[in-house]
Amino acid sequence: MANTTTRISQDKYFMKIATIISQRSTCIKRKVGAVLVKDSHIISTGYNGVPSGFEHCTIESCVRRNLKSGAKHEFCKGVHAEINCIIQAALHGTSILGDTTLYTTTFPCTSCLKLLINSKIKRIVYMDDYDMNNKIKSELLSESKILIQKISNLFK
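Just so it is clear, the structure is predicted and the values come from calculations on it, not from any experiment.

### Focus: the side chain of Ser 25
- With respect to the secondary-structure elements, Ser 25 resides in the loop between helix H1 (10-22) and strand E1 (33-38).
- Within the structure, Ser 25 has its side chain in polar contact with the backbone nitrogen of Cys 27 (distance 3.1 Å).
- Residues in contact with Ser 25, not counting those within four places in the same chain, are Arg 30, Lys 31, Val 32, Tyr 47 and Asn 48.

Now the structure itself:
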């Protein structure tokens with residue numbers, strides 16, 4: 001019997017999971033979800049929010065709520081989704097070395113990109129652009145040889 005159901009690609013499958021994970025984010029400004037995948041298996045997940053055990057941000061407590069996106073990162077208590085993925089893998093003793101892909105709902109900031117490069121991530125698949133005209137980020141991407149792929153029309 002032939003299967004007439006259209007199967008979604010692995011990239012869309014893992015990106016849809018990242019969008020669900022983003023719903024756990026406690027950030028007031030932007031909800032981001034991320035998934036680290038190695039050998040077609042999820043090895044860790046992360047979303048942006050305050051460190052574990054801390055009180056979540058509120059509209060009243062968010063000191064960056066009225067600032068431009070990306071401005072004054074040092075004022076934020078939150079940990080980015082990509083970093084939480086790396087932390088979770090490390091806490092559970094799971095190596096991310098090898099043919100590992102990061103699926104993230106928003107392209108990483110420059111700081112996260114540097115950490116991903118040093119973590120030897122091979123590929124980044126993302127949905128939403130973030131600070132894509134940043135010259136330093138462009139140079140890092142060019143030199144790192146990380147493969148980059150943007151997914152659009154995820155839910156079509």
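There is more to say after this.
### Digging into the sheet that holds strand E2 (residues 41-47)
- Taken in spatial order, the five strands make up an open sheet running E2-E1-E3-E4-E5, and their pairing is mixed. The open sheet is flanked by E2 and strand E5 (147-150), the only strands paired with a single partner. For this sheet the average axis-to-axis angle between neighbouring strands, irrespective of direction, equals 20°.
- The sheet contact formed by strand E4 (residues 123-128) and E5 spans four bridges and is parallel. Looking at E5, one finds that Val 125 is bridged to Gln 149.
- Packed onto the sheet, helix H2 (residues 81-91) meets E1, E2 and strand E3 (100-106) and runs at close to 130° relative to E2.

### Points about the environment of Gly 49
- When you line up the elements, Gly 49 lands in the loop between E2 and H2.
- We classify Gly 49 as buried; its relative accessible area is 8%.
- Each C-alpha atom of the pair Gly 49 and Val 79 lies 5.4 Å from the other, and the pair is 30 residues apart in sequence.
- Setting aside chain neighbours within four positions, we find Gly 49 in contact with Thr 26, Gly 78 and Val 79.

### Some words on unusual backbone geometry
- In this structure, Ser 40 is a non-glycine residue whose phi angle is positive, near 65°.
- Looking at the secondary structure, you find Ser 40 in the loop between E1 and E2.
- Looking at Ser 40, the relative accessible area reads 39%, which means it is partly exposed.
- Positioned with a positive phi, Lys 120 is a non-glycine residue whose angle comes to about 70°.

### Overview of the packing of aromatic side chains
- Enumeration over the complete set of coordinates arrives at three aromatic pairs.
- Judged by centre distance (4.9 Å) and plane angle (65°), the ring pair of Tyr 13 and Phe 14 falls under edge-to-face.
- Accessibility expressed as a relative area gives 43% for Tyr 13, which makes it partly exposed.
- When the ring of Phe 14 is compared with that of Tyr 103, the centres are 5.4 Å apart and the planes differ by 40°; the resulting orientation is tilted. Pair noted here: Phe 14 is in helix H1 and Tyr 103 is in strand E3, with a separation of 89 residues, a long-range link.
- By way of ring pairs, the aromatic residues Tyr 13, Phe 14 and Tyr 103 are connected into one cluster.

### Details of the nonpolar core
- Counting residues in each nonpolar core, the largest one holds 22 residues, and the members touching the most others are Leu 36, Ile 96, Leu 102, Phe 107, Leu 116, Ile 121 and Ile 124.
- At the level of elements, E1, H2, helix H3 (110-118) and E4 are the ones that each hand at least two residues to this core.
- Residues in contact with Ile 121, not counting those within four places in the same chain, are Leu 36, Ile 96, Thr 100, Leu 102, Leu 116 and Ile 146.
- Listed in part, the eleven residues of the second largest apolar core include Phe 14, Ala 18, Met 127 and Leu 154.

Procedures and definitions
Residues numbered from 1 in each chain as written. Predicted model: local features only at pLDDT ≥ 70, side-chain atom pairs only at ≥ 80, totals over all residues. Heavy atoms only, no water. Helix = DSSP H or I, 4+ residues; strand = E, 2+ residues; numbered from the N terminus. Polar contact = N/O pair within 3.5 Å; in protein donor to acceptor, adjacent residues only side chain to side chain. Contact = heavy atoms within 4.5 Å. Pairing = 2+ DSSP bridges. Axes fitted to C-alpha atoms, helices over the stretch in contact; angles between N-to-C directions. Buried < 20%, exposed > 50% of the residue type's maximum accessible area, 1.4 Å probe, protein only. Phe/Tyr/Trp six-rings, centres within 6.5 Å; stacked < 30°, edge-to-face > 60°. Core = buried A, V, L, I, M, F, W, Y, C linked by side-chain atoms within 4.5 Å.

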